[in-house]
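Chain residues, written in single-letter form:
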2 protein chains.
Amino acid sequence: MLNPADAAFAATLAALLPGGAVRAPEPRYLEEPRGRWRGQGGVLVLPRSVAEVQAVVRACAEARVGIVPWGGGTGLVGGQVLPDGPAPVILSLERMAAVRHVWPGENALEVEAGATLAAVQEAAAGAGRLFPLSLASEGTARIGGVLATNAGGIGVLRYGNARDLCLGVEAVLADGSVIGGLKRLRKDNTGYDLRNLLIGAEGSLGIITAATLRMVPRPAVNVTAMLVVESPAAALRLLTMCQGRVPGMVSAFELIKRTGFEFLAAKMPEVGCPFPVAPDWCVLLELGLPSVFDAEEVMAGLYAEADEAGLVQDGVIAASEAQRQGLWRIRESIPEANRLVGAVSSHDISLPLSAVPEFIARADAALAGMGAVRVNCFGHLGDGNLHYNVFPAEGRDKAGYDAAAVMACVHDLVDAMGGSVSAEHGVGRLKVGDLERYGDAGKLAAMRAVKAALDPLGIMNPGAVLR
Amino acid sequence: MLNPADAAFAATLAALLPGGAVRAPEPRYLEEPRGRWRGQGGVLVLPRSVAEVQAVVRACAEARVGIVPWGGGTGLVGGQVLPDGPAPVILSLERMAAVRHVWPGENALEVEAGATLAAVQEAAAGAGRLFPLSLASEGTARIGGVLATNAGGIGVLRYGNARDLCLGVEAVLADGSVIGGLKRLRKDNTGYDLRNLLIGAEGSLGIITAATLRMVPRPAVNVTAMLVVESPAAALRLLTMCQGRVPGMVSAFELIKRTGFEFLAAKMPEVGCPFPVAPDWCVLLELGLPSVFDAEEVMAGLYAEADEAGLVQDGVIAASEAQRQGLWRIRESIPEANRLVGAVSSHDISLPLSAVPEFIARADAALAGMGAVRVNCFGHLGDGNLHYNVFPAEGRDKAGYDAAAVMACVHDLVDAMGGSVSAEHGVGRLKVGDLERYGDAGKLAAMRAVKAALDPLGIMNPGAVLR
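Residues numbered from 1 in each chain as written. Chains lettered and ligands numbered in written order. Predicted model: local features only at pLDDT ≥ 70, side-chain atom pairs only at ≥ 80, totals over all residues. Heavy atoms only, no water.

Where an unreviewed UniProt entry is consulted, chain A appears under the name FAD-binding oxidoreductase, with the organism given as Paragemmobacter amnigenus.

Given below as C-alpha cells:
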C-alpha cells in the first residue's frame, strides 16, 4: 500500500532539491483535456536534471509514495491524473526542455523529455530536416509524454509513430537507477529492447528523461487533394493504387465522412466544404515529393488513373498553399466540431486494413439496433486507425443514451474483428478495464510480471495501464 | 541449477508428442557456421504446433531442463549451441513452416516461425509485394530466428531491420503460457511492447512460434551503381545527397574498401572488378524506384550532381540486369573472400553515422601499433554498420596475432565513440562478456530483472545474452 505525498514528505523532497523545485500543484496539473477526472497531488516537483529525478524517485521509493510523471498534460486517456488513492508526487519534466544536439548529417537529434513536440519540430526544421510526428496538441505535448504514450497522429502512414522515430531513451527506473540509452545508432543488437518497453508504458515502468530521435529529409513539395470516393472500400483501393505508384511518398491518407461536413456546417460554418454537396465519403490525400518530381504532374496522373479505374467521383487538388491549408483545416477542425456537437461515446480504434469497410458497416448496423444515432467515422485510414465517434440523433440529448453500452458494442466488434480498442491514445486509466477484457491473457500476465520486476513497490504512475 | 535432458527425460517428452517428434540430434544441430563452439544436446524435439511447443516447455520447466530454440542454425554469435553445462533440449521449429496467410491489400502476411526467410520472400513476391529483409543466409535462416536475433542485412537503410518489419508475434514463455500477438495492426497502444521485448532476446525470454510481418510495394525498377569516392567521409556526403534527392528510395548504400577487391583478386578472381585499378574506397548504391520515374535518368542526374560536387571520382552504372548482378556479386563475395584469407578478428559494429570516418582512421591507427595487419572494412555504411575485419599482413599467419587484444582494441574504440559492439548479429554466447563490459549498468540490471521475471528457472536458452 502506498503512502500519500503529505506536507512532511514535501519537506523531505524540498531538502533534496534546489529552491522552487517543490511546491503545491496548480489546478492545471490536476486536469485532463476531456474533463473526465480530476487529479489529486500533494506535491509538484520540477527537477532540472536526471540526478534530481533520481533523488525524487529514490525518496518516493523509500517512503512508498506514488509518482505521476507529467509531460504536457494533453493525454486523452487519463494517464496524467490520479483521481483517487493516496495523493502522489506529480513529477513534471517541464524544466528539462533543452534540445541538446542536432546532427543534420545523421538525421538525428537529442532532446530532454520536457521539450515540446513543436520545439523538436522547429529544431529539425532549423537544420533543414523534418521531425515528422504531428499532433493537434504539438504545441503543448512534451516529448517525454509523446514517447511514453507512443503517440501517433497524421504522419504515421509514412513515417511511423513515436516508437519508430526514437533511436534511444534515457530513463529513471523505480529504484532510482538510470538506463542510459542515448545512443543514436541505426543498428544495435546488444540485449533486450528496453527502449521499446519504456515507450508506450505510459510512465508505469519508468520516467523517460531524454531521447535521441530520428529526423527525415524534408519533402521538397507537398501536394494535397481531397478526393470523393464511393465507399471506405473504394478509399482502400485508392490507397493501394497510390502506394504502388509513389511508394513511400504518401504522407497522409485521411478518411472524412459526410457527417463531418454536416457537423462543420452546423458548428463551424467558416471552415467550408470544397464540394457543392458534401460527399458521403472522401479522403484527404497528401504526397510529399522530392524535387526530382513535378508534383502537380504526379498528382494529376494519380487522379487520372484513379478516375479511369472508377475509384474517385470528384476531387480538388490544392493549387496554392492557402488552398492546401484550407483542405487540412477541414480535417483538423472535425474533432472540435465533434466536441461542439457532443459525443455519446468516442472510440480510438484500429483494424486490419482490409477489415475496415466491413467493420464500418457492421458497427453502424449494430448501433442502429440501439436507437437512433449519428456516427462520425473519420481518421487515419492509411493506418487502419479510425476515430469512430457516436453522437445523439438530431435534436436528442446525449444523456438519453447508454454510453457504456455504446462503447461496449463498438469495442466488442473491434475485438471480434482482430482490432485494437486503443490505436494511438494508449490505456491510461480510461481503458484499464478494456485491456483486462480484451487483452490477451498471456500478454497481461507477462505485463504484470514485468511491472512487478521493474516496479515492485508499484510507485510508478499507480493505476495506469495495469490496476 | 538445471538438469540434463537425459534418456529418461527424452522418454517423458516422447510420451507427450506424436511419434517421430523426439530423437537424438544429428550433428548439424550441434554446429554453428564459424565453428567456434560445438553444441551438446540430449534431445531434439520437432513440434508441429503451438500446443506441442507448450507441452515441451511445461515439461522442461517441471524438470528444470534447459531449452535451446533452433531456427536455421545460421547465427554468427553462438546463440544456437550450448557447449557446456547440463545438456539441453534442442527445440527446432522446422516443422512449423507454413506461410499461413497473405494479405496483399494490407501489405501483411502471417507465417509460422519455421518458415525460411526465402519462403517468406517468395510468398510476398507471389502476391506482387516485397518482403525486404535480405541476408546471405536467407535460404536457410528461419523467420523465428531472424526475429529472435533482430536480423539486419542489406535492406535496413530503406526498410528497417527484422523488428521494423514485424507487426506481431506469437510466443511461448518459460511457464508454457502463450502470448497471442498475431494482430496485423499498424497502430495498437494496448499495453507494454512485449513484441519488441521478444524480438532480439535470442530465445532467452520465450520461443517465437509465429509472426505477422509487413510487406512493401515492389519497386518497379532497381538501378545500381558502383561509385568511386575519395574517403568514407565523402561517401557519407554522397549518401546525404542521395537521400535528399530521392528520399526513401535509396535501397542500399554499401561501402567497399580496396582490401576487399584485393582479397577477391587473390581468392576469387572470377568475381572481377569494374575499374581498371581497384579504388581505395567505393560504394555500391542501389535505388529502387516506382514506375513514375525514368530510373536511368534519375541515376544519371545523381551521378552528374555528385560529380559536380566533387563527391565521386569514377563510377559505373549497371546497364543490364546481368551487370547489376555483377556489381552485387562483388559485394556479396567479400565475406567468402575474407573467410578464404582468414581473419585475425571480425567485428560487427555500428557507430553514429558522422563518427564513421573518424572511427576508421583511429581504429586503423590503433591497430597499426599492434603490428602489421590488413583491415577489410566494408558493409552497410548507410546504417553506420561496418564489418571491420582484421587480417594478418601478407605472408603472415593469423596464429601470430593476439586476436583477443585486437578485438578489445576495436571494441574499446567503438564503445568510446558511442557505438555498438554488436550491430546486427546479436549477443549470443560470443558477446556475453562484451555486453557486461560495455553495456550500460542500469540497462543490464533491468535486463536481469526482466529475465528473472519471465524465466525464473533460467531454462530459456541458458547462457545466451546473459550469463
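Moving on from the model shown.
### Focus on the overall build of chain A
As a reminder of what qualifies: Helix and strand assignments follow DSSP, with helices taken as H or I runs no shorter than four residues and strands as E runs no shorter than two, numbered in order from the N terminus. Only C-alpha atoms enter the radius of gyration, while the globule expectation follows 2.2 Å times N to the 0.38, with N the number of residues. When accessible area is computed with a 1.4 Å probe and restricted to protein chains, residues below 20% of their type maximum are described as buried, those above 50% as exposed, and intermediate ones as partly exposed. Working rule for contacts: check all heavy atoms of both residues, and any pair within 4.5 Å makes them a contact. For the area figures, the Shrake-Rupley method with a 1.4 Å probe applies, and any residue is considered shielded solely by the protein chains shown. Positive charges come from Lys and Arg alone, negative charges from Asp and Glu alone, with His and the N- and C-terminal ends not counted. The atoms used to mark charge sites are NZ of Lys, CZ of Arg, CG of Asp and CD of Glu.
Helices and strands together make up the secondary structure of chain A, namely 14 helices and 18 strands. Computed over its C-alpha atoms, the radius of gyration of chain A comes to 23 Å, within 12% of the 23 Å expected for a compact globule of 467 residues. Dimensions of chain A, computed from C-alpha atoms along their principal axes, come out at roughly 70 × 55 × 45 Å. A buried classification covers 60% of the 467 residues belonging to chain A. Across chain A, contacts joining residues at least 24 apart in sequence account for 74% of those joining residues at least 6 apart. Carbon and sulfur atoms make up 51% of the accessible area of chain A, which totals about 16,300 Å². Averaging the coordinates of the 41 positive side-chain charges in chain A and doing the same for the 49 negative ones gives two points 4 Å apart.

### Regarding the interface of chain B and chain A
In plain terms, the rule: Two parts placed together each lose some accessible area; with a 1.4 Å probe, that loss summed over both constitutes the buried area. Put simply, a salt bridge is a Lys or Arg side-chain nitrogen that is within 4 Å of an Asp or Glu carboxyl oxygen. Distance and chemistry together define a polar contact, namely a pair of N or O atoms within 3.5 Å, with one atom able to donate a hydrogen and the other to accept it when in protein, and with adjacent residues in sequence counting only for side-chain atoms on both sides. Lys, Arg, Asp and Glu make up the charged group, whereas Ala, Val, Leu, Ile, Met, Phe, Trp, Tyr, Cys and Pro make up the nonpolar group; the residues left over, Gly among them, are polar.
Taken together, the contacts link 78 residues of chain B with 79 residues of chain A. For the pair chain B and chain A, the two sides together bury roughly 6,100 Å², of which 59% comes from carbon and sulfur. On the chain B side of the interface with chain A, the three residues burying the most area are K187(B), N189(B) and Y192(B), jointly 17% of the side's total. Seen at the junction of chain B and chain A, the total is six salt bridges. One salt bridge connects D383(A) with K187(B), and the closest N-O pair in it is separated by 3.2 Å. Our count for the chain B to chain A interface comes out at 34 residue pairs in polar contact (both at pLDDT 80 or more). Elements that contribute at least two residues to the side of chain B that touches chain A include exactly strand 9 (178-180), helix 6 (194-198), helix 7 (232-245) and helix 14 (441-454) of chain B. Per element, the largest residue contribution to the side of chain B that touches chain A is nine residues, and it comes from helix 14 of chain B. Along the lines of polarity and charge, the residues of the side of chain B that touches chain A split into 34 nonpolar, 28 polar and 16 charged.

### Considerations on the side chain of N189(B)
Its place among the elements puts N189(B) in the loop between strand 9 and helix 6. With relative accessibility at 6%, the residue N189(B) sits in the buried group. Setting aside residues no more than four positions away along its own chain, N189(B) makes contact with T149(A), N150(A), E202(A), S420(A), S422(A), A423(A), E424(A), H425(A), G426(A) and V427(A).

### Brief notes about the nonpolar core
What counts here: Throughout, nonpolar core names a set of buried Ala, Val, Leu, Ile, Met, Phe, Trp, Tyr and Cys residues whose side chains join them through atoms within 4.5 Å.
Formed by 112 residues in total, the largest nonpolar core has its most connected members in L238(A), F359(A), L238(B) and F359(B). Setting aside residues no more than four positions away along its own chain, F359(A) makes contact with I349(A), L351(A), L386(A), Y388(A), V410(A), L413(A), V414(A) and M417(A). Counting residues in each nonpolar core, the second largest holds 93 residues, with F131(A), L147(A), L444(A) and L444(B) among its members.

### With respect to the relation of the copies chain B and chain A
For the pair of chain copies, the relating transformation is a rotation about an axis with a translation along it. The condition is simple: When the copies are overlaid, the least-squares fit takes in C-alpha atoms only where the residue has pLDDT of at least 70 in both copies.
Mapping chain B onto chain A leaves a residual RMSD of 0.0 Å; the transformation is a rotation of 180 degrees accompanied by 0.0 Å of translation along its axis. Taken together, the rotation angle and the small translation identify this as a two-fold axis.

### Some points on the sheet that holds strand 4 (residues 89-92) of chain B
Residues and elements named next belong to chain B. Under the convention used in this document: By definition, two strands form a pair when at least two bridges between them are found by DSSP. The angle between two axes is taken between their N-to-C directions and runs from 0 to 180 degrees, where each axis is a line fitted to C-alpha atoms and a helix contributes only its stretch in contact.
Spatially, the four strands line up as an open sheet ordered 1-2-4-3, and their pairing is mixed. The open sheet has two free edges, formed respectively by strand 1 (22-23) and strand 3 (67-70), since each of these has just one partner strand. Relative to strand 2 (residues 43-45), strand 1 runs antiparallel, the two sharing two bridges. Its bridge partner lying in strand 2, R23 is registered against L44. Strand contacts of helix 2 (residues 50-63): strand 2, strand 3 and strand 4, with the helix running at about 165 degrees to strand 4, the strand carrying the most contacts.

### A few points about the UniProt feature "domain: FAD-binding PCMH-type" (unreviewed entry) in chain A
In plain terms, the rule: UniProt positions are given in the numbering used here, feature names are shortened, and annotations may be inferred rather than shown by experiment.
Look at the UniProt record and you will see "domain: FAD-binding PCMH-type" (unreviewed entry) annotated at residues 37-218 of chain A. As annotated, residues 37-218 of chain A comprises 21% helix and 25% strand, and the C-alpha atoms at either end are separated by 40 Å.

### So, the packing of helix 11 (residues 356-368) of chain B against helix 12 (residues 403-416) of chain B
All names here are of chain B. Basically, it comes down to this: Convention used here: angles under 35 degrees read as roughly parallel, angles over 145 as roughly antiparallel, angles from 65 to 115 as roughly perpendicular, and any remaining angle as oblique. In a left-handed crossing the near helix is turned counterclockwise from the far helix by less than a right angle, and in a right-handed crossing that turn is clockwise.
The N-to-C vectors of helix 11 and helix 12 enclose an angle of 150 degrees; their axes lie 10 Å apart at closest approach. The pairing of helix 11 with helix 12 is recorded here as roughly antiparallel in orientation. Crossing of helix 11 against helix 12: the hand is right-handed. Between helix 11 and helix 12, the residues in contact are F359, R362, A363, A366 and L367 and V406, C409, V410, L413 and V414, respectively. In terms of residue class, the contact of helix 11 with helix 12 is made up of nine nonpolar, no polar and one charged.

### What about unusual backbone geometry?
One non-glycine residue, R64(A), lies in the positive phi region at around 55 degrees. When you line up the elements, R64(A) lands in the loop between helix 2 (50-63) and strand 3 (67-70). Despite not being glycine, N150(B) shows a phi value in the positive range, around 45 degrees. Positionally, N150(B) belongs in the loop between helix 4 (143-148) and helix 5 (156-159).

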